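# Report on the structure
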Amino acid sequence: MHGTALHAIERPYDGCGKCLLGVRRLSRVKLATSSPERQRENVLTAAASVGAHIIGWADDWEVSGATDPMTRPKLGPWLCDERGPYDGLVAAVVDRLGRNVVDCLNTGYKMRDEKKMLVTYGHDGAWDLDDPADENRFTMEAWGAQMELRAIQRRNRDATIKTRAAGRPKGKPSYGFQYVRKVMGGKIDHVELHPHASEVICEVARRILADPDNVTTSSEAARLNRAGELSPADHLAMMYGKSAGGRPWSPQSLRNILLSEAALGYLMHRNRPVLGRDGNPVRLCEGLSLFQPQVEAW
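Residues numbered from 1 in each chain as written. Predicted model: local features only at pLDDT ≥ 70, side-chain atom pairs only at ≥ 80, totals over all residues. Heavy atoms only, no water.

## Observations concerning the environment of Tyr 240
Which entries qualify depends on this criterion: Helix numbers and strand numbers start at the N terminus; a helix is a DSSP run of H or I with at least 4 residues, a strand a run of E with at least 2. In this scheme, a residue with accessible area under 20% of its type's maximum is buried, one over 50% is exposed, and one in between is partly exposed, where area comes from a 1.4 Å probe on protein chains only. Contacts were defined at the residue level, with two residues in contact if any of their heavy atoms lie within 4.5 Å.
Along the chain, Tyr 240 falls in the loop between α8 (232–239) and α9 (251–259). Classification of Tyr 240 as partly exposed rests on a relative accessible area of 38%. Here Tyr 240 is in contact with Pro 173, Tyr 179 and Arg 181, once residues within four sequence places are set aside.

## Considering the pairing of strand β3 (residues 88–91)
Heads up, the rule is: By this definition, two strands are paired if DSSP reports at least two bridges between them. The path from the first strand over the helix to the second decides the hand: if it runs clockwise while the strands point away from the viewer, the crossover is right-handed.
In β3, alternate side chains face the same way, and those of Gly 88 and Val 90 on one face and Leu 89 and Ala 91 on the other are all buried. Two strands pair when backbone bridges link them, and strand β1 (residues 19–26) and β3 are joined in this way by 4 bridges, in the parallel orientation. Note on β3: the bridge partner recorded for Leu 21 is Leu 89. Inspection of the sheet shows β3 paired to strand β4 (residues 117–120) by 4 bridges, in the parallel sense. Looking at β4, one finds that Ala 91 is bridged to Thr 120. Once the chain exits β3 it traverses helix α4 (residues 101–113) before rejoining the sheet at β4, and the crossover so formed is right-handed.

## Section: the pattern of salt bridges
Rules: Take a side-chain nitrogen of Lys or Arg and a carboxyl oxygen of Asp or Glu: if they are within 4 Å of each other, that pair is a salt bridge.
A complete count under the given rule lists 19 salt bridges for this structure. We note a salt bridge from Arg 223 to Glu 220, for which the minimum N-O separation is 2.7 Å. You can see Arg 223 and its partner Glu 220 sitting in helix α7 (residues 217–226), 3 residues apart, about one turn around the helix. With a relative accessible area of 22%, Arg 223 lands in the partly exposed category. What emerges from the salt-bridge pattern is a single network uniting Asp 81, Lys 110, Glu 114 and Lys 116.

## Details of a positive patch on the surface
Cut-off, in case you're wondering: Within the patch definition used here, like charges are joined within 9 Å and nonpolar side chains (Val, Leu, Ile, Met, Phe, Trp, Tyr) within 5 Å, considering only residues with over 30% relative accessible area and no salt bridge. To be clear on the numbers: accessible area is Shrake-Rupley with a 1.4 Å probe, and residue cover counts the displayed protein chains and nothing else. Think of it this way: Lys and Arg go in the positive column, Asp and Glu in the negative one, and His and the chain ends go nowhere. Positions of charges follow a simple convention, taking NZ of Lys, CZ of Arg, CG of Asp or CD of Glu.
Positive charge collects at one region of the surface, where Arg 150, Arg 154, Arg 155 and Arg 157 lie side by side. Relative to the helices and strands, Arg 155 is located in helix α5 (residues 132–165).

## Observations concerning α7
Spelled out, the test is: Our arc is simply the arc of the directions from the helix axis toward the C-beta atoms.
Every buried residue belonging to α7 is among Thr 217, Glu 220, Ala 221 and Leu 224, and all of these are buried. The arc that holds the buried residues of α7, viewed along the axis, is 100°, so those residues lie on one side. Here the buried face of α7 lies against α6 (197–210) and α9. Immediately downstream of α7, the backbone of Gly 228 shows phi near 75°, a positive value.

## Some words on the sheet that holds strand β2 (residues 53–61)
In a beta sheet, neighbouring strands are held together by backbone hydrogen bonds and run either parallel or antiparallel to one another. Keep this limit in mind: For helices, the axis comes from a line fit to the C-alpha atoms of the stretch in contact; other axes are also lines fit to C-alpha atoms, and the angle between any two N-to-C directions lies between 0 and 180 degrees.
Taken in spatial order, the 4 strands line up as β2-β1-β3-β4 in an open sheet, and their pairing is parallel. Of all the strands in the sheet, just β2 and β4 have a single pairing partner and so form its edges. Adjacent strand axes in the sheet meet at a mean angle of 20° when their direction is disregarded.

What follows is the structure, given as structure tokens:
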């Protein structure tokens, strides 16, 4: 699937009846992964096998398989008919459509009921969910995806419990903090204040405390946006070598940071501090305690 053949398969909607949307999804995008390219090749091959072409891509990167296809950032608008006409979906495998039986079948039946094509790599031709054999095979592949998802979720829960019990953080660092690893890609050695982000949030706190009648989280969010300061989501993306998406600061996200007990340097789980055997919160490092005693007024 290279050269001119590739260009022939990707072209705008032309009403031929086989104008398909390419669907790709990945829960975690890492620099070393080749999954996006593999999915692309498989999608193009599957589309060519039924004489179809790709009019666009619904690429949901960093999106959990547990997310309902209707609410996925890229695929959802197409399924809700907000992005224009298309004649069906083509994916590398059934579990790129959804990771549980309900989501897969809902998407599959939606395509069937709307007389649209549903194609996946490795299946001979388009899926025909009115045919009992095809319906059963589709359901079995969806069931396999669900079983795999449940196994992943169970492993993640067990790993979280073990990590919390050991007093180590798991997940993404709160804004203003950063994880330090002695070996690239290794376990987190310790947590420390991020030199820039911690100063940004402390400056916000100082400004609000100095003039609470005129300086609010709304005005501070606007100030940070004007200054081109990376929002928490974009800051986190840049920390992990990804591109910033241009997402702005919002008053609510700023308020959440200021009010969170994570600002005190506590180990957190489900937005609450993890308590040690002595009944006190487990502290990972020094906190941003400048504003904490007075934030309730915000």
